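# Structure at a glance
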Amino acid sequence: SCLYVFTFRHPLTTLHRQCIFEGSLNEYVYQISYIYFTIIRNTVSVYQSCFSAGMMSACIKWAKEHVDDFNIVLTRQLSSVDPDSPTWIE
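Overview of the structure. (Residues numbered from 1 in each chain as written. Predicted model: local features only at pLDDT ≥ 70, side-chain atom pairs only at ≥ 80, totals over all residues. Heavy atoms only, no water.)

### Some thoughts on the nonpolar core
Test applied: Only buried residues count toward a nonpolar core, which is a set of Ala, Val, Leu, Ile, Met, Phe, Trp, Tyr and Cys residues joined through side-chain atoms within 4.5 Å. Think of it in three bands: residues with accessible area under 20% of the maximum for their type are buried, residues over 50% are exposed, and the middle band is partly exposed, with areas taken using a 1.4 Å probe on protein chains only. Runs of E in the DSSP output that reach at least two residues are strands. Runs of H or I that reach at least four are helices, and both are numbered from the N terminus.
Within the largest apolar cluster, 10 residues are counted, these being Ile-35, Ile-39, Ile-40, Val-44, Tyr-47, Met-56, Ala-58, Cys-59, Trp-62 and Ala-63. If you list the elements that add at least two residues to this core, you get α3 (25-50) and α4 (56-78). The next biggest cluster of nonpolar side chains, apart from the first, holds eight residues, and it includes Leu-25, Ile-32, Tyr-36 and Leu-78.

Below is the structure:
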């Protein structure tokens, strides 16, 4: 069961790296959010339909790791944007 969940780390990392922050901060945040949370939601849904509720702890751990990864990516990108700039305020 754990093996199934952990096989999705590489594709998720690869997909979010295809989004390049150029211009619109809103568009970039939307793109990486959509990628991360769609894959997390779909993986959890498949996992729930395949395994018993007693085995969900591995899936929850996996999902939390990816939410943490998302937060790291977002923090890294936003660290270069001045909070007083029009880009940030947008």
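Picking up where we left off.
### So, the packing of α3 against α4
So the rule is basically this: Note on geometry: axes are C-alpha line fits, over the in-contact stretch for helices, and angles between N-to-C directions span 0 to 180 degrees. We call two directions roughly parallel when the angle between them is under 35 degrees, roughly antiparallel when it is over 145, roughly perpendicular when it lies between 65 and 115, and oblique otherwise. When residue character is reported, Ala, Val, Leu, Ile, Met, Phe, Trp, Tyr, Cys and Pro are called nonpolar, Asp, Glu, Lys and Arg charged, and the others, Gly included, polar.
Following both chains from N to C, one finds α3 and α4 inclined at 175°, their axes separated by 10 Å at the closest point. By the angle between their axes, α3 is roughly antiparallel relative to α4. Here the residues of the contact of α3 with α4 are counted per class, giving 20 nonpolar, five polar and one charged.

### Some points on the environment of Tyr-47
Note that Tyr-47 resides in helix α3. Assessed through its relative accessible area of 0%, Tyr-47 is described here as buried. Counting along the chain gives 12 residues from Tyr-47 to Cys-59, while the straight-line C-alpha distance between them is 7.2 Å.

### Quick look at the packing of aromatic side chains
For clarity, the cut-off: Centres within 6.5 Å make a pair out of two Phe, Tyr or Trp rings, where for Trp the six-membered ring is used; the pair is then stacked when the planes are under 30 degrees apart, edge-to-face when over 60, and tilted otherwise.
For the coordinates displayed, the defined rule picks out four aromatic pairs. With a centroid separation of 4.6 Å and an interplanar angle of 40°, the aromatic rings of Tyr-47 and Phe-51 are classed as tilted. Classification of Phe-51 by relative accessible area gives partly exposed; the value is 25%. Grouping aromatic residues by their ring pairs yields a cluster made of Tyr-36, Phe-37 and Phe-70.

### Digging into α3
The criterion, for reference: The length a helix should cover is 1.5 Å for every residue beyond the first.
Relative to the 38 Å expected for 26 residues at 1.5 Å per residue, α3 spans 38 Å between its end C-alpha atoms, a close match to the ideal helical length. Of the residues making up α3, those classed as buried are Leu-25, Tyr-28, Ile-32, Ser-33, Ile-35, Tyr-36, Thr-38, Ile-39, Ile-40, Thr-43, Val-44 and Tyr-47.

### Examining the pattern of salt bridges
Definition in use: The rule for a salt bridge is simple: a side-chain nitrogen of Lys or Arg has to be within 4 Å of a carboxyl oxygen of Asp or Glu.
By the definition in use, this model includes one salt bridge. Notably, a salt bridge pairs Lys-64 with Asp-68, separated by 2.7 Å at the nearest N-O pair. Placement of the pair is Lys-64 and Asp-68 together in helix α4, with a separation of four residues, close to one helical turn. Classification of Asp-68 as partly exposed rests on a relative accessible area of 31%.

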